Amino acid sequence: MLNFEDYKQEVIELRRHFHRHPELGFQEYETSRFIQEYLTDLGLEPKTIAKTGVVSLIKGKYPGKTLLLRADMDALAIQEENDVEYISENPGVMHACGHDGHIAMLLVAAKILSRRTEDIHGTIKLVFQPNEEEDGASFLVKEGVLENPRVDSSFAIHLWTPIPSGYIGLKSGPVMAEMYNFKIVLRGKGGHTSSPQNSVDPIVCAANIIQTVQSIQTREIDPLEPTVIMFGKIQGGTSSNIIADTVEMEGTLRYLYDGDDEGVQQPRRRFKRMVEAICEAYRVSCEVEFLPSSYTVINEEKSVAFLKECVLNQIIDGNKVVPYCCMGGEDFSEYINHNNIPGALVFVGTGNPAVGSDIPHHRCDFNIDEKTLLTGVKIHVLTALEYLK
Ligand SMILES: [Zn+2]
Ligand SMILES: [Zn+2]
């Protein structure tokens, strides 16, 4: 009989260890070393993948399918402003997305599962993934994380403060948005602000672009297919009385639908068409560049049904499992829909005003409700035991 309560303290302590020692994407060297030591102590044989990632197999006593469980490891470039004894000891770097908890949950699940191999038909592939915030997953896929043995199904958890503690967010279909970073460079012709007729002003052009592209989401795309276009950075000019030569703008374009390729291409094509047309009207030359960040995370229907019927029903009241999706990006899509593997991402609610964990992700005062860590451990363990029964 599994007694998860025995692991409550350990999962909290592990999470606090990682919280104290956050590392940025692809620099998770100490995190990686700690994980490898922990897994080696369990009798496993962890291997390095994609610079700082770790992959380790738990082989069941009997042959069967391969299940991938993934935790991301990276922290963010944020100076922590929490008043806690386990505050970040790495200045300017903070676990402000809950990935410290993800590592802790999967390590403790590995401990429990490595002692249950006689119940396992198949193989569990534990993946500790670097640099989630910048599509680290694609590097692991290139290095063969989905092969040897070939993965039959993948699952992951994200601790999530917008969902209250005690609730779980899960649904089939698109749950996290496809995301592109865009960069626009506008080139005009500088000059004296007293005689604009002798110059080409990229700033007035930029202002028009920022306003006009918003009509893509409100006038060109089905309102039931959410799209968000945001500018996060704009730079241009040197002085109040000089017409600028160039303006650079950066932002993100996100959409949440499982469309075919045609559908997925649409917002970007519309965006480029509009920017180029505006630039032509203003006689400004432009470059528009899209850098893919992550694909839409699309939970597979059968995997969601499996989780609800075989896993979550052992942990939580059915009415506390709520359908949830959001416009955040996640590279977990690489382990499932983008590579045609069944699976699902589960949101474990960890928002609790009583412990100050109702703060949005990526903020300097972000925190999680540590009592929800055990829920994550349970989901990992039961998913593996039920899937490889
Ligand atoms: Zn994040
Ligand atoms: Zn995250």
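Predicted model, so just to flag it, every value in this text is computed and none were measured.

1. What to know about the coordination of the zinc ion (ligand 2)
Tetrahedral coordination by four donors sets the ideal angle at the metal to 109.5 degrees; octahedral coordination by six donors sets it to 90 or 180 degrees.
Phase 1 of the analysis: Looking at the zinc ion (ligand 2), the protein donor atoms are Cys97 (SG), His99 (NE2) and His158 (NE2), and they sit 2.1 to 2.4 Å from it.
Phase 2 of the analysis: Spacing between the donor residues of the zinc ion (ligand 2) along the chain follows C-x1-H-x58-H.
Phase 3 of the analysis: Here the zinc ion (ligand 1) and the zinc ion (ligand 2) are spaced 3.1 Å from one another, each receiving a donor from Cys97. Highlighted residues: Cys97 in the loop between strand E3 (62-72) and helix H3 (99-114) and His158 in strand E5 (residues 153-164), separated in sequence by 61 residues. The residues Cys97 and His158 share a single accessibility class, namely buried.

2. A closer look at the UniProt feature "domain: Peptidase M20 dimerisation" (unreviewed entry) in the protein chain
Phase 1 of the analysis: Residues annotated in UniProt with the feature "domain: Peptidase M20 dimerisation" (unreviewed entry) correspond here to residues 182-257.
Phase 2 of the analysis: Structurally, residues 182-257 comprises 24% helix and 39% strand, and the distance from its first C-alpha atom to its last is 19 Å.

3. As for the domain arrangement of the protein chain
Phase 1 of the analysis: Under the domain assignment, the protein chain is made up of domain 1 (4-173 + 296-387) and domain 2 (178-294).
Phase 2 of the analysis: Domain 1 and domain 2 are separated by 36 Å when their C-alpha centres are compared.
Phase 3 of the analysis: Each partner contributes residues to the interface: domain 1 has ten residues there, and domain 2 has eleven residues.
Phase 4 of the analysis: Summing the contributions of domain 1 and of domain 2, the shared interface buries around 870 Å²; its carbon and sulfur component is 60%.
Phase 5 of the analysis: Where domain 1 packs against domain 2, one counts zero salt bridges.
Phase 6 of the analysis: In this assembly, domain 1 and domain 2 are joined by three residue pairs in polar contact (both at pLDDT 80 or more).

4. A few points about the sheet that holds E3
In sheet architecture, strand pairing relies on hydrogen bonds along the backbone and comes in two forms, parallel and antiparallel.
Phase 1 of the analysis: Strand order in the open sheet formed by eight strands is E1-E2-E4-E3-E5-E16-E6-E15, with mixed pairing between adjacent strands. Lying at the two open borders of the sheet, with one neighbouring strand each, are strand E1 (47-49) and strand E15 (321-322).
Phase 2 of the analysis: Pairing between E3 and E5: four bridges, direction parallel. Across the sheet, the residue bridging to Leu67 is Ser153, located in E5.
Phase 3 of the analysis: Seen against the sheet, H3 touches strand E2 (53-59), E3, strand E4 (121-129) and E5 and runs at an angle of roughly 155° to E3.
Phase 4 of the analysis: Strands E3, E4, E5, strand E6 (168-169) and strand E16 (343-351) of the sheet are contacted by helix H9 (residues 373-387), whose axis makes an angle of about 155° with E3.

5. What to know about the coordination of the zinc ion (ligand 1)
Phase 1 of the analysis: Only Cys97 (SG), Glu133 (OE) and His362 (NE2) from the protein coordinate the zinc ion (ligand 1), and they sit 2.1 to 2.3 Å from it.
Phase 2 of the analysis: Sequence positions of the donors to the zinc ion (ligand 1) reduce to the motif C-x35-E-x228-H.
Phase 3 of the analysis: Its relative accessible area of 7% is what places Cys97 among the buried residues.
Phase 4 of the analysis: Judged by its relative accessible area of 38%, His362 is partly exposed.

6. Focus on the sheet that holds strand E12 (residues 246-255)
Phase 1 of the analysis: If you trace the four strands from one edge of the open sheet to the other, you get E10-E12-E8-E13, paired in antiparallel fashion. In this open sheet, the two strands that pair with only one neighbour each are strand E10 (227-236) and strand E13 (285-294). Taken over all neighbouring pairs, the strand axes of this sheet differ in orientation by 20° on average, direction set aside.
Phase 2 of the analysis: As defined by bridge partners, strand E8 (residues 178-187) adjoins E12 across ten bridges and the pair is classed as antiparallel. Residue pairing in the sheet places Glu178 in a bridge with Tyr255 of E12.

7. Describing the pairing of E12
Phase 1 of the analysis: Of all the ten residues making up E12, seven are buried; the element is thus mostly covered by neighbouring parts of the structure.
Phase 2 of the analysis: Bridging between E10 and E12 involves nine bridges; their strand directions are antiparallel. Paired with Met230 across the strands is Thr252, a residue of E12.

8. Looking at the UniProt feature "binding site: Mn(2+)" (unreviewed entry) in the protein chain
Phase 1 of the analysis: In this numbering, the UniProt entry assigns the feature "binding site: Mn(2+)" (unreviewed entry) to Cys97, His99, Glu133, His158 and His362. Maximum C-alpha separation among the annotated residues is 13.6 Å over a sequence range of 266 residues, consistent with a single clustered spot.
Phase 2 of the analysis: Within the element layout of this structure, His99 appears in helix H3.
Phase 3 of the analysis: By relative accessible area, His99 is classed as buried at 0%.
Phase 4 of the analysis: Look past the residues within four positions of His99 in its chain and what remains in contact with it is Asp72, Met73, Asp74, Glu132, Glu133 and His158.
Phase 5 of the analysis: A polar contact of 3.3 Å, which involves the side chain of His99, links it to the side chain of Asp72.
Phase 6 of the analysis: Exposure remark for His158: the relative accessible area of 2% places this residue in the buried category.

Conventions adopted
Residues numbered from 1 in each chain as written. Chains lettered and ligands numbered in written order. Predicted model: local features only at pLDDT ≥ 70, side-chain atom pairs only at ≥ 80, totals over all residues. Heavy atoms only, no water. Donors = N, O, S within 2.8 Å, 3.2 Å for Na, K, Ca; no water. Helix = DSSP H or I, 4+ residues; strand = E, 2+ residues; numbered from the N terminus. Buried < 20%, exposed > 50% of the residue type's maximum accessible area, 1.4 Å probe, protein only. UniProt positions renumbered as here; feature names shortened; annotations may be inferred. Domains from an automatic or database assignment. Contact = heavy atoms within 4.5 Å. Buried area = accessible area lost by both parts, 1.4 Å probe. Salt bridge = Lys/Arg side-chain N within 4 Å of Asp/Glu carboxyl O. Polar contact = N/O pair within 3.5 Å; in protein donor to acceptor, adjacent residues only side chain to side chain. Pairing = 2+ DSSP bridges. Axes fitted to C-alpha atoms, helices over the stretch in contact; angles between N-to-C directions.

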